[in-house]
Amino acid sequence: MARIVTAMAMTHSPGLTGWFTRASEEYQRLALGATAEMRRRLGMEQYRVPGHGALARWIVNEGARRRVQFAWLRRMQFDDGISVPTHYLNPDARFRLVPVGMNCTVPPIPTPERAYHVGTVLRDVLRAYPGDERIAAIATGGLSHEPGGPRYFWVDEEFDRWFLDLLAKGDHETLLAECTLERMEEAGSGGTAELLSWFLVLAMTRGPADVLAYMPAIAWRSGTGMIAWNEIAED
């Protein structure tokens, strides 16, 4: 039986790699320190990232049996959503990757409740895998940002800190009730709703998360954060 042993989340702003040094030295230090801590928790330099075809097929097939229909691709080119976290968390390609994409921008957009439900199903699917793999679930996206929009050079620091504070408290109920699609849209159209991926991974956890770093880094065009949960949900 496979085990989910780690759950984390982080921003994937291209600025974290493309224009990292445009942010203040304090924000650079915080980002590097937080991602180093995330790498430490993962247990781990140009490279190819290996996949895990058997586990990917299991997710698609077993998910369908549980009434969650995952689409699949034979080939996938990574954008910043995958490449930025991979750059920081898996630089030596030690870990095999199964990327799971989700729609966060084009209607109909799933609600946080739907993302959370899919997370509970995916948690059960992974646990049912007939192998002894140790699995880390990493959410990527957010926090507040509006890529290419009129508020491109803007960060909603109040929203970000509210969201992270609820994660730090382990308050799933309030997050699901109050962090609506409308509230995320107000905090940055076309970008902040990437936090739906955090809701999916949230469903695999219990208790408070450690907020490793938060940087309202306009230079990176995004509220930038990294968190890690300490407990995985048992049921």
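(A) Examining the confidence of the model for the chain more closely. When pLDDT is averaged across the chain, the result is 90; 98% of the residues are at 70 or more. Looking at the elements of the chain, mean pLDDT is at its lowest for helix α4 (residues 80–89), recorded as 80, and at its highest for helix α6 (residues 157–169), recorded as 98.

(B) Structural detail: the packing of helix α3 (residues 53–65) against helix α5 (residues 112–127). As a packed pair, α3 and α5 sit with axes 10 Å apart at the nearest point and diverge in direction by 125°. With respect to their mutual orientation, α3 and α5 come out oblique. α3 and α5 meet at a crossing whose hand is right-handed. Of α5, the residues touching α3 (which contributes L55, W58, I59, E62 and G63) are L122, V125 and L126. Residue composition of the contact of α3 with α5, by class: six nonpolar, one polar and one charged.

(C) Molecular detail of unusual backbone geometry. In the segment running from P107 into P108, the intervening peptide bond is cis, with an omega of 0°. Structurally, the position occupied by P108 is in the loop between α4 and α5. Note that the residue after G142, namely L143, is joined by a cis bond; omega there is 0°. Within the secondary structure, L143 sits in the loop between β2 (134–140) and α6. In this structure, A93 takes a positive phi of about 55° despite not being glycine. Within the secondary structure, A93 is located in the loop between α4 and α5. Its relative accessible area of 14% is what places A93 among the buried residues. In this structure, R221 takes a positive phi of about 65° despite not being glycine. Here R221 is to be found in the loop between β3 (205–217) and β4 (222–232). Take R221: its relative accessible area is 15%, and that puts it in the buried class.

(D) Representation of the packing of aromatic side chains within the structure. For the structure shown, the criterion picks out seven aromatic pairs. Taken together, a centroid distance of 5.8 Å and an interplanar angle of 45° make the contact between F159 and W162 tilted. Of this pair, F159 and W162 both sit in helix α6, separated by three residues, roughly a single helical turn. The structure contains a cluster of three or more aromatic residues connected by ring pairs, namely F159, W162, F163, W198 and F199. For R183, the ring lying beneath its charged end belongs to W162, and the centroid distance is 3.7 Å.

So, how was this worked out
Residues numbered from 1 in each chain as written. Predicted model: local features only at pLDDT ≥ 70, side-chain atom pairs only at ≥ 80, totals over all residues. Heavy atoms only, no water. pLDDT = per-residue confidence, 0-100. Helix = DSSP H or I, 4+ residues; strand = E, 2+ residues; numbered from the N terminus. Axes fitted to C-alpha atoms, helices over the stretch in contact; angles between N-to-C directions. Parallel < 35°, antiparallel > 145°, perpendicular 65-115°, else oblique. Left-handed = near helix turned anticlockwise from the far one by under 90°. Contact = heavy atoms within 4.5 Å. Nonpolar A, V, L, I, M, F, W, Y, C, P; charged D, E, K, R; others polar. Buried < 20%, exposed > 50% of the residue type's maximum accessible area, 1.4 Å probe, protein only. Phe/Tyr/Trp six-rings, centres within 6.5 Å; stacked < 30°, edge-to-face > 60°. Lys NZ or Arg CZ within 6 Å of the ring centre and 35° of its normal.

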